[in-house]
Amino acid sequence: MQYDVIVVGGSFAGLSAAMYAARGRRKVLVIDAGQPRNRFAEHSHGFFGQDGRAPSDILGQARAQLLAYPSVRMIEGRAARAAIAGNGFEVRMDDGEGFGGTRLVLATGVRDILPDVPGLAAQWGKTVLHCPYCHGYEVAGGPLGVLATGPMSLHQAELISDWGDVTLFADGLFEPDADQALILEKRNIQFEPAKVSEVQDNGSGGLVVRLDGNSSASVRALFTAPRNVMASPLAELGCAFNEGPLGRAIVVDDKQQTSVPGIFAAGDAARLMHNIAFAVSGGAMAGVAAHQSLVFG
């Protein structure tokens, strides 16, 4: 079947794009692999009207509302590749099944590459966190840590010091120079140069950060800034990328159009700053712009 718009990715950006295309009375296919980036978090914060809800609950309600539109179809599975086909695109699944679409929206997200510290992955989304605007309020007021992934982590520690008393765990990656030492002093940030050997749940909602040399520190939460990689290869169809400090993002214009005509992108794969509200906003614009390109294109 030929669709007007194929949306690859059924999380916040993809569902938002599909909703707006469907409201334009177009045939829409959403392909979702069922691996949203924030699946590790028990609660979502900062998304207007949904503060404190589980991300899976928000997505479940959004899918149900989207499927009330008769022109929408959703399938579970992984889109393996995409190609230009005639005046549109063909998307092929892992099992070889193919779908045609006149427009393509990539809401494929990114995958986090966590620092290789024992115990860290098990606490990701719980007491090991990335975004202070998403989770900082709930852990504020006590000792907090920042696990460095490089010298730029100093700026993350600066920011998070607005939420509590911060220790920057350099993990053996760098020593502050004179200017950086002044920043640490100004923001009352403690600097710990030693390698982090392990993090452990302390049994009371926080973490123990164990260091080489048998010392340790207790924190309410540990923030870090993992590198990101594209969660899907589909943008390799020819889309241009920006290189950011933590990874790449698909280049889009103010209408979420990529460098390939007819391909739009939204969500974490298409911007360097990430949260649900930004993803929904970008998805809405991608859906509207894809529909308008069908009308005026």
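The structure we're discussing is the one just above.
Parameters at a glance
Residues numbered from 1 in each chain as written. Predicted model: local features only at pLDDT ≥ 70, side-chain atom pairs only at ≥ 80, totals over all residues. Heavy atoms only, no water. Pairing = 2+ DSSP bridges. Helix = DSSP H or I, 4+ residues; strand = E, 2+ residues; numbered from the N terminus. Contact = heavy atoms within 4.5 Å. Axes fitted to C-alpha atoms, helices over the stretch in contact; angles between N-to-C directions. Salt bridge = Lys/Arg side-chain N within 4 Å of Asp/Glu carboxyl O. Parallel < 35°, antiparallel > 145°, perpendicular 65-115°, else oblique. Left-handed = near helix turned anticlockwise from the far one by under 90°.

### Let's talk about the sheet that holds strand 9 (residues 143–147)
No. 1: Spatially, 8-15-9-10-11 is the arrangement adopted by the five strands of the open sheet, whose pairing is parallel. Of all the strands in the sheet, just strand 8 (128–129) and strand 11 (190–192) have a single pairing partner and so form its edges.
No. 2: Of the pairings in the sheet, the one linking strand 10 (residues 165–169) to strand 11 comprises three bridges and is parallel in character. Following the sheet pairing, L168 is matched in strand 11 by F191.
No. 3: On top of the sheet, helix 3 (residues 132–139) reaches strand 8, strand 9 and strand 15 (221–224); it is set at about 165° to strand 15, its chief contact.

### Focus on the pattern of salt bridges
No. 1: Enumeration according to the criterion identifies eight salt bridges in this entry.
No. 2: Taking the shortest distance from any N to any O, the salt bridge between R26 and D4 comes out at 3.8 Å. Taken together, the residues span a long stretch of sequence, with R26 in the loop between helix 1 (12–23) and strand 2 (28–32) and D4 in strand 1 (residues 2–8) at a distance of 22 residues.
No. 3: The closest approach of N and O atoms between R37 and D112, which form a salt bridge, is 2.7 Å. Taken as a pair, R37 in the loop between strand 2 and helix 2 (55–66) and D112 in strand 7 (residues 110–113) lie far apart in primary sequence, 75 residues in all.

### Things to note about the packing of helix 1 against helix 2
No. 1: One can describe the packing of helix 1 onto helix 2 by two numbers: an axis separation of 10 Å at closest approach and a directional angle of 20°. The orientation of helix 1 with respect to helix 2, classified from their angle, is roughly parallel. Between helix 1 and helix 2 lies a crossing whose hand is left-handed. Touching F12, L15, A18 and M19 of helix 1 are P55, I58, L59, A62, R63, Q65 and L66, all from helix 2.

That's the geometry; what it means functionally is another story.
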